[in-house]
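Each chain, letter by letter, is given below.
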Amino acid sequence: MTGETPTARELARRSQAAIKAKDRAGWLSLWAPDAVIEDPIGPSPFDPAGTGHRGTEAIAAFYDSVIGPNELITFEIESSYLCGDEVADVGVIRTVLPGGDHVALVHGVYTYRSNGAGQLAGLRAFWEFAQAELIATGRPGDETGRPGDQPGDQEVAPGQ
């Protein structure tokens, strides 16, 4: 259906795909100039003041400091609720941290808001920083001593 304005869900999926592909320019192009990202909502090491990342420059800095350095980020959306110009995704974000020795699992609710003109106007991520799970991958260099490629080991970084 060409020519139609994408829904908030479609924009969210484009955002998630761009992050997985490490497509900085593509990801940044999805955001309206006055957009706000709160990930997570409130004060955190990513946003000590808890006021969100507002505008193109702040969103680019968020990408460069929080998203870009990671090896891989995937999204496992368990359910999604589209209402008007917003979507609420419930699921897990799986982040292979720099170096590949650890994976962070973040369970939460992620709401995306469209500006109605084909761009994202906001992202609000409901998750608790202290509840994020950090799992050793067992790759060489991992100091936990857990084997990562033994039969029966659970995969922690799927190649989605």
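A brief report on the enclosed structure follows. Remember, it's a predicted structure, so these values are computed and weren't measured experimentally.

**Concerning the environment of Ile59**
Item 1. Position of Ile59 relative to the elements: it lies in helix H3 (residues 55-67).
Item 2. Look at Ile59 and you get buried, because its relative accessible area is 1%.
Item 3. It is 8.4 Å that separates the C-alpha atoms of Ile59 and Trp31, two residues lying 28 residues apart in sequence.
Item 4. Not counting residues within four places of it along the chain, the set of residues in contact with Ile59 comprises Trp27, Leu28, Trp31, Ala35, Ile37 and His53.

**Points about the pattern of salt bridges**
Item 1. Following the criterion strictly, the structure yields four salt bridges and no others.
Item 2. With a closest N to O distance of 2.7 Å, Arg24 and Asp64 form a salt bridge. Of this pair, Arg24 sits in helix H2 (residues 24-29) while Asp64 sits in helix H3, and the two are 40 residues apart along the sequence.
Item 3. With a relative accessible area of 33%, Arg24 lands in the partly exposed category.

**Things to note about the pairing of strand E5 (residues 102-114)**
Item 1. In the sheet, strand E4 (residues 86-96) pairs with E5 via 11 bridges, with the strands oriented antiparallel. Looking at E5, one finds that Gly91 is bridged to Gly108.
Item 2. Linking two consecutive strands that pair antiparallel, namely E4 and E5, is a turn of five residues; a positive phi of about 95° is found at Gly99 within it.
Item 3. Two elements, E5 and strand E6 (residues 120-126), share six bridges in a ladder whose sense is antiparallel. Paired with Ser114 across the two strands is Leu120, which belongs to E6.

Rules behind the numbers
- Residues numbered from 1 in each chain as written.
- Predicted model: local features only at pLDDT ≥ 70, side-chain atom pairs only at ≥ 80, totals over all residues.
- Heavy atoms only, no water.
- Helix = DSSP H or I, 4+ residues; strand = E, 2+ residues; numbered from the N terminus.
- Buried < 20%, exposed > 50% of the residue type's maximum accessible area, 1.4 Å probe, protein only.
- Contact = heavy atoms within 4.5 Å.
- Salt bridge = Lys/Arg side-chain N within 4 Å of Asp/Glu carboxyl O.
- Pairing = 2+ DSSP bridges.

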